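A structural walkthrough
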Amino acid sequence: MSPRPPAQRDEPAVKHPRRSSPAIDRLERRDLRELKPYEPIMLPGTLPQDAAIDGGAVVKLDGNENVYGCSPRVAAALRSYDQYHIYPDPEQRDLRQALADYANVDAASVLAGAGSDEVIDLLLRLVLEPGDSIITCVPTFGMYAFNTQVCGGRAIEVPRDERYQIDVRRVAEAIEPATKVIFVASPNNPTGTLTDRRAVEELLDTGRLVVVDEAYYEFSGLTVADLVSRFDNLVVLRTFSKWAGLAGLRIGYGIMPPAFRERLMVIKPPYNISAAAQVAALESLDDIEYLMSTVRALVTERDRLYHMLQQIGFLEPVPSQANFVLSHVSGREAVTLQRELRKRGIYIRHFDTPLLKNSIRISAGKPEHTDAVIDALKTWEG
Ligand SMILES: Cc1ncc(COP(=O)(O)O)c(C=O)c1O
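**Focus: the packing of aromatic side chains**
- One pass over the full model with this rule turns up eight aromatic pairs.
- Geometrically, the ring pair formed by Phe141 and Tyr144 is edge-to-face, given 5.5 Å between the ring centres and 80° between the ring planes.
- Residue Tyr144 is classed as buried on the basis of its relative accessible area of 1%.
- When the ring of Phe240 is compared with that of Trp243, the centres are 5.7 Å apart and the planes differ by 50°; the resulting orientation is tilted.
- Residue placement shows Arg238 over the ring face of Tyr217; its charged tip is 3.9 Å from the ring centre.
- Directly above the aromatic system of Phe314 lies the positively charged group of Arg332, at a separation of 4.2 Å from the ring centroid.

Laid out in structure tokens, this is it:
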């Protein structure tokens, strides 16, 4: 039986009424009072119907994690490490050097965070003043807008075009004097689409800080990290959560001009990367061949999943360069598909927003996971 998966953060959040108390009402920042939690609260395995899942086995294709797990060498390295009682290196020296070698950049340009989420948060804390804005090219990863709100800023949403490409002209038109940052996920979550480097260069010409989030880089093989040495307003984000199977250990990094890295070093919590995460990341970078073999398997499976989804009459999949496939659903409700699959122990993600209507996103898994999800979807055809 597969162990019950932990909380999935991009499940729809359970509605939280804000609890009042004299102290919280007196003390909490006014602009945060209406903020809804980003975090998911609907834990897999906790809905009443989850109990009926046959044998308790779960096919977890909702979080774009690596179903092959981390490198087996990571588990061994974590077991044999014997310095857990010592604070980790606040300067992240060994880790930054290893990341720099991997990304083919200078260590002075690299900063590690507790997931790329933390690097996003640190960047926004560094540059946003109350009332400042950021641009996010929607539909896209929600943390850019969420963290912006937490930092007292505003997110301006610029819709992508019908092929989910960034519309550089519309981005340029949306820029205000108070706009500090433009976020571009490439490949984008949840569409899987890439942004070409010409578009990135045009965005860089606006003078705003351009953050290219390459969380799924290893699945696409395309990067703009080499541009960081040429532009003083470019930051590239990466993570070990997707390709390296370390989502639970929280480790990501940013590649940026040294001037930015130095200021982020000043504001970051000193011990933001745990000793365990540093051990795991270093060991992963020593076992790239193995990890890339799982990436290749996932890319093969992503493409097979895409072709099989194409054959399902009520789905229209979107070509993807990441480790998941988005599909538009017609004639049925995406949320119902998600619920029905969940009853069978198959976890996927659904979307229904003005810009991403009635869609499902399925992560690439092992061949048997693709077969299970396709078999289930086929039962609702006809
Ligand atoms: C585009 C994008 N960026 C960043 C992240 C967060 O990654 P991490 O686990 O490193 O915080 C995700 C995770 O879903 C993502 O899809």
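**Focus: the packing of helix α3 (residues 93-103) against helix α10 (residues 275-285)**
- Between α3 and α10, whose axes approach to 10 Å, the crossing angle comes to 30°. As summarised for this structure, α3 and α10 are arranged roughly parallel, according to the angle between their axes. Handedness of the crossing formed by α3 with α10: left-handed. Residues Asp94, Leu95, Ala98, Leu99 and Tyr102 of α3 form the contact with α10, whose own contacting residues are Gln278, Ala281, Leu282 and Leu285.
- Taken together, the residues of the contact of α3 with α10 break down into seven nonpolar, one polar and one charged.

**Examining the pairing of strand β6 (residues 209-213)**
- The buried count for β6 comes to five of five residues, which makes it a mostly enclosed element.
- Residues Leu209, Val211 and Asp213 point to one face of β6 and Val210 and Val212 to the other, with burial holding for every one of them.
- As paired strands, strand β5 (residues 179-185) and β6 are joined by five bridges and run parallel to one another. By the bridge assignment for β6, Ala185 is matched with Asp213.
- The parallel pair β5 and β6 is bridged by helix α7 (residues 197-204), and the resulting crossover is right-handed.
- Summarising the sheet, β6 and strand β7 (residues 234-239) pair through four bridges and their orientation is parallel. Among the inter-strand pairings, Val211 is bridged to a residue of β7, identified as Val235.

**So, the side chain of Asn233**
- Mapping Asn233 onto the fold places it in the loop between α8 (217-220) and β7.
- Setting aside residues no more than four positions away along its own chain, Asn233 makes contact with Leu204, Gly207, Arg208, Leu209, Val210 and Pro257.

**Brief notes about the domain arrangement of the chain**
- Each domain of the chain was delimited in the assignment, giving domain 1 (22-69 + 290-378) and domain 2 (73-287).
- Counting residues at the interface gives 33 residues for domain 1, matched by 31 residues for domain 2.
- For the domain 1 and domain 2 pair, buried surface summed over both sides reaches about 2,500 Å², with 66% attributable to carbon and sulfur atoms.
- In terms of surface lost to domain 2, no three residues of domain 1 exceed Tyr38, Leu291 and Gln321, which account for 25% of the buried area on that side.
- Counting across the domain 1 and domain 2 interface gives 10 residue pairs in polar contact (both at pLDDT 80 or more).

**A look at the site of the ligand**
- Residues in close proximity to the ligand total 14 residues, the closest being Ser116, Asp213, Tyr216, Thr239 and Ser241.
- Asn189 is positioned such that a nitrogen or oxygen atom in its side chain is 2.8 Å from an oxygen atom of the ligand.
- Between Ser241 and the ligand, the recorded distance is 2.6 Å, taken from a side-chain N or O atom to an oxygen atom.
- Isolated, the ligand exposes 400 Å² of accessible area, and the fraction of that covered by the protein chains is 97%.

**What to know about the sheet that holds strand β12 (residues 349-353)**
- Across the sheet, which stays open at both edges, the four strands sit in the order β9-β10-β13-β12 with antiparallel pairing between neighbours. Lying at the two open borders of the sheet, with one neighbouring strand each, are β9 (315-317) and β12. Along the sheet, successive strands turn relative to each other by an average axial angle of 30°, direction set aside.
- Relative to strand β13 (residues 356-363), strand β10 (residues 324-329) is paired through five bridges, and the arrangement is antiparallel. Note that in β13 the partner of Phe324 across the bridge is Ser363.

Definitions and cut-offs
Residues numbered from 1 in each chain as written. Predicted model: local features only at pLDDT ≥ 70, side-chain atom pairs only at ≥ 80, totals over all residues. Heavy atoms only, no water. Phe/Tyr/Trp six-rings, centres within 6.5 Å; stacked < 30°, edge-to-face > 60°. Buried < 20%, exposed > 50% of the residue type's maximum accessible area, 1.4 Å probe, protein only. Lys NZ or Arg CZ within 6 Å of the ring centre and 35° of its normal. Axes fitted to C-alpha atoms, helices over the stretch in contact; angles between N-to-C directions. Helix = DSSP H or I, 4+ residues; strand = E, 2+ residues; numbered from the N terminus. Parallel < 35°, antiparallel > 145°, perpendicular 65-115°, else oblique. Left-handed = near helix turned anticlockwise from the far one by under 90°. Contact = heavy atoms within 4.5 Å. Nonpolar A, V, L, I, M, F, W, Y, C, P; charged D, E, K, R; others polar. Pairing = 2+ DSSP bridges. Right-handed = clockwise from strand over helix to strand, strands pointing away. Domains from an automatic or database assignment. Buried area = accessible area lost by both parts, 1.4 Å probe. Polar contact = N/O pair within 3.5 Å; in protein donor to acceptor, adjacent residues only side chain to side chain. Near = heavy atom within 4 Å. Areas by Shrake-Rupley, 256 points an atom, 1.4 Å probe, with all protein chains shown as cover.

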